[in-house]
Amino acid sequence: MIRDWNEESLDHRNALLYAMGVTEADAQRPIIGLVNSWNEMNPGHFPLKDVVEEMKREIYAAGALALELPITGICDGICSNTPGDRYTLPARDLVSTEVETVAELNMLEGMVIMATCDKVVPGMLMGALRVNIPTVMFTGGFMAPGELDGKMLTLTHTKQAYAAYIAGDVTREHYKNVVRCACPTPGACPFMGTANTMCATAEVLGFSPFGNASVRSQTPAWHELAKQAARTIVQAVREQKRPLDFLTQANFENVVRYMMATGGSTNSLLHIPAIARQGGFDITPETFDRISREVPVLSTIYPNHPTYTMADFSAAGGLGAVVRELLAAGKVAGEAKGMFGTIAQMAEASRNANTDVIHPAADPINAQGGLAVLHGNIAADSAIVKFSAVEKAAWLFEGPARVYDSQDDAWHAILKDEIKSGDVVVIRYEGPKGSPGMPHMETFMAAVLGKGLGTQIALVSDGRFSGATGGLAIGHVSPEAYEGGNIALIQNGDRIRIDIAARSLTVDVSDAEFARRREGWQPIVKPATGWLKLYRQSTTSAHRGATVYWD
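If you're wondering where the values come from, they're calculated on a predicted model, not measured in any experiment.

A.B. asks: Outline the overall build of the protein, listing residues and values.
C.D. replies: Looking only at helices and strands, one finds 19 helices and 16 strands in the protein. Relative to a compact globule of 551 residues, whose C-alpha radius of gyration would be 24 Å, the protein shows 23 Å and is just as compact. Within the protein, the fraction of its 551 residues that count as buried is 61%. Roughly 19800 Å² of accessible area belongs to the protein as shown, and the carbon and sulfur atoms make up 51% of that amount.

Printed below as a string of structure tokens:
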């Protein structure tokens, strides 16, 4: 047994289990928690209820007892462009606390953590590393892409269609049809957003069955993977195999390498460092920057590609095929172990069925990885851009600053055509402490794309982005405005220069002028109560994961 019980404590627990129909014999089995984020407000997590009973049967047949423990499962999309979005990133740390609590309070012998979406997957992994009992993860699979008039649709197209409707480029009826058709089935949104990026993180780290991160939700293959996860957790409990028994720095660097090869979400620069920190590993923006220069882009799906989705990626071989190509080129550590085998075994079990969707390393889409870490007098610590979603024509961009202290102000400005081609929009006081909560700036950038201005307008922000964001969108500027970073001192008309190839983000303002502007400067303090107030008081910067758990 993983846990140490005295007779009185165990009997006291068992008396409560008997009240719910657990037999005396079954109470002697190792208890495995199905820590499930299923709910009826999140299509990514909605399918997870489908597999609970079959997982319970597999676990029981293998000699243990599975009991379901529900926890929070939020969806960023539900609250996009509302004040509720300030809660999505802090929810990651809250989920990690829930996992820690249900595992330790209930003295679980092991866990299957069940999640799909942006903040819940990394939150669960953070909690699992703190608890460090046998754990596997099962993720919910991707939804089918939408279609309208023969064209591919995803959730993010609804925002672009709204901007086009306001501009008079499409009818209201067309806009509403986009909304109706964008999300046809449950599962994770089928683009290379944060949800699919984080599901891939779980698999590459070694927590999920091979193939789980690139399987269509609710399919027979997905159900079989759920059963495999259930059988594996019982074996792990029997062997007392804990996450920190197999995780190494190489596991985490493999995740970063995979992100670079697939143009993963910029949110990975918040989540992967925060997860790693819980296990005593050190992944920072500097790690991403180093690896981005070593690993080429091998696969692009929307928003990095105009039409390919997770359906195309899965048919081509999915995550395993990318890993196979990276291993063949010596770009990942094949010896890294997980609950289901090594990275080398994952690669061996995979095939690349479409080299247009997943390129060999000898024929990359881009010679360097899909994310870049920028520095300069706007971002003394760092800023992030997903340049795999930026047309090369915009990799070098210079223009006058148009400054806004909230996304809402900037969004209304672009809908009213107050922002012009060539402008560099600065949205500040949207960072971890400034907003607080660091909401994503997806709505503004979707409006930019919806108006056809993707290469003509740049955005620089201390907020973050949805993984589906395209265009020249630079986020995570650190230090943020609330903490007195230079982004707080930029004025309308200052010339900003972005050079992705040189990894630089600068404004034509001297140190002396910044010092003059800083005199008498006071941060804008946006209202926050309860959990958001606690988060503002305790969180680190985006440069260090934007987490309250950074010891």
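Now that the structure has been shown, the text picks up again.
A.B. asks: So what's going on with the sheet that holds strand 16 (residues 504–507)? Residues and values would help.
C.D. replies: Within the open sheet, the eight strands sit side by side as 9-10-14-13-12-11-15-16. Their pairing is mixed. The sheet is open, and its two borders are formed by strand 9 (372–374) and strand 16, each paired with just one other strand. Sheet twist, expressed as the average angle between the axes of neighbouring strands with direction ignored, equals 30 degrees. Here strand 11 (residues 396–404) runs beside strand 15 (residues 495–499); their pairing, made up of five bridges, is antiparallel. Bridging from a neighbouring strand, Pro 400 pairs with Arg 495 of strand 15.

A.B. asks: Could you give me a rundown of the nonpolar core, with the residues and numbers involved?
C.D. replies: Within the largest apolar cluster, 101 residues are counted, with the highest numbers of intra-cluster contacts made by Met 55, Met 124, Phe 138 and Phe 252. Sort the elements by how many residues they give to this core and helix 8 (residues 220–239) lands first, with nine residues. Not counting residues up to four positions away in its chain, the partners in contact with Phe 252 are Leu 129, Leu 205, Leu 247, Ile 272, Ile 275, Ala 276, Phe 281 and Ile 283.

A.B. asks: Quick one: what's the story with the packing of aromatic side chains, residue by residue and with numbers?
C.D. replies: Using the criterion set out here, one finds 10 aromatic pairs in the structure. Relative to Phe 281, the ring of Phe 252 has its centre 5.2 Å away and its plane inclined at 40 degrees; by these criteria the two rings are tilted. On the criterion of sequence distance, the pair formed by Phe 252 in helix 10 (residues 249–262) and Phe 281 in the loop between helix 11 (268–278) and helix 12 (285–292) is long-range, its members being 29 residues apart. The residues Phe 252 and Phe 281 share a single accessibility class, namely buried. Through a chain of ring-to-ring contacts, the aromatic side chains of Tyr 162, Tyr 165, Tyr 175 and Trp 411 assemble into a single cluster. Above the ring of Trp 5, the side-chain terminus of Arg 13 is found at 5.0 Å from the ring centroid. Sitting over the ring of Trp 38, Lys 49 keeps its end group 5.1 Å from the ring centre.

A.B. asks: Now, about the packing of helix 4 (residues 120–131) against helix 11: what can you tell me, with residues and values included?
C.D. replies: Where helix 4 meets helix 11, the closest approach of the two axes is 8 Å, and the angle between their N-to-C directions is 15 degrees. With respect to each other, helix 4 and helix 11 are oriented roughly parallel. The handedness of the crossing between helix 4 and helix 11 comes out as right-handed. Residues Pro 122, Leu 125, Met 126, Leu 129 and Arg 130 of helix 4 form the contact with helix 11, whose participating residues are His 271, Ala 274, Ile 275 and Gln 278. Residue classes in the contact of helix 4 with helix 11 are distributed as six nonpolar, two polar and one charged.

A.B. asks: Which residues make up the side chain of Asn 36, and what values do they have?
C.D. replies: Along the chain, Asn 36 falls in strand 1 (residues 31–36). Not counting the four nearest positions on each side in its chain, Asn 36 is found in contact with Leu 48, Val 52, Glu 68, Leu 69, Pro 70, Ile 71 and Met 114.

A.B. asks: Outline the pattern of salt bridges, listing residues and values.
C.D. replies: A side chain of one charge can pair with a side chain of the opposite charge if their charged atoms are brought near each other. All chains considered together, the criterion is met by 28 salt bridges. One salt bridge connects Lys 49 with Glu 68, and the closest N-O pair in it is separated by 3.4 Å. Of the two residues, Lys 49 is situated in the loop between strand 1 and helix 2 (52–61) and Glu 68 in strand 2 (residues 65–70); the sequence distance between them amounts to 19 residues. Residue class for Lys 49 comes out partly exposed when judged on its relative accessible area of 39%. Residue Glu 68 is classed as partly exposed on the basis of its relative accessible area of 25%. With its nearest N and O atoms 3.1 Å apart, the salt bridge here joins Arg 92 to Asp 93. Residue classification places Arg 92 among the buried residues on the basis of a relative accessible area of 0%. Salt bridges sharing common partners tie together Asp 76, Asp 118, Lys 119 and Arg 464.

A.B. asks: Which residues make up the side chain of Asp 118, and what are the values?
C.D. replies: Counting through the fold element by element, Asp 118 comes out in the loop between strand 3 (110–115) and helix 4. In this structure Asp 118 comes out as buried when scored by relative accessible area, which is 13%. For Asp 118, the side chain forms a polar contact with the main-chain nitrogen of Ala 195, separated by 3.4 Å. Each residue touching Asp 118, except ones within four places of it in the same chain, is listed here: Asp 76, Thr 194, Ala 195, Met 198 and His 271.

A.B. asks: If you had to explain helix 19 (residues 530–538) to someone new, which residues and values would you point to?
C.D. replies: Buried within helix 19 we find Leu 532, Tyr 535 and Arg 536. End-on, the buried residues of helix 19 take up no more than an arc of 100 degrees, which puts them together on one face. Turning to helix 19, the residues buried within the fold contact helix 3 (88–105).

A.B. asks: Let's hear about the environment of Gly 431: which residues, and what values?
C.D. replies: Structurally, Gly 431 is set in the loop between strand 12 (424–427) and helix 17 (442–450). Separated by 278 residues in the primary sequence, Gly 431 and Leu 153 have C-alpha atoms spaced 30 Å apart. In this structure Gly 431 touches Pro 436, Gly 437, Met 438, Asp 462, Gly 463 and Glu 480, once residues within four positions along its chain are discounted.

A.B. asks: Can you lay out the environment of Arg 277 for me, pointing to particular residues and giving the numbers?
C.D. replies: Considering the arrangement of structural elements, one finds Arg 277 in helix 11. For Arg 277, a relative accessible area of 29% gives the class partly exposed. Between the C-alpha atom of Arg 277 and that of Arg 130, which follows or precedes it by 147 residues, the distance is 9.7 Å. If near-sequence neighbours (up to four positions away) are discounted, Arg 277 is found in contact with Asp 282, Tyr 549, Trp 550 and Asp 551.

Cut-offs applied
Residues numbered from 1 in each chain as written. Predicted model: local features only at pLDDT ≥ 70, side-chain atom pairs only at ≥ 80, totals over all residues. Heavy atoms only, no water. Helix = DSSP H or I, 4+ residues; strand = E, 2+ residues; numbered from the N terminus. Rg over C-alpha atoms; globule rule 2.2 N^0.38 Å. Buried < 20%, exposed > 50% of the residue type's maximum accessible area, 1.4 Å probe, protein only. Areas by Shrake-Rupley, 256 points an atom, 1.4 Å probe, with all protein chains shown as cover. Pairing = 2+ DSSP bridges. Axes fitted to C-alpha atoms, helices over the stretch in contact; angles between N-to-C directions. Core = buried A, V, L, I, M, F, W, Y, C linked by side-chain atoms within 4.5 Å. Contact = heavy atoms within 4.5 Å. Phe/Tyr/Trp six-rings, centres within 6.5 Å; stacked < 30°, edge-to-face > 60°. Lys NZ or Arg CZ within 6 Å of the ring centre and 35° of its normal. Parallel < 35°, antiparallel > 145°, perpendicular 65-115°, else oblique. Left-handed = near helix turned anticlockwise from the far one by under 90°. Nonpolar A, V, L, I, M, F, W, Y, C, P; charged D, E, K, R; others polar. Salt bridge = Lys/Arg side-chain N within 4 Å of Asp/Glu carboxyl O. Polar contact = N/O pair within 3.5 Å; in protein donor to acceptor, adjacent residues only side chain to side chain. Arc of directions from axis to C-beta.

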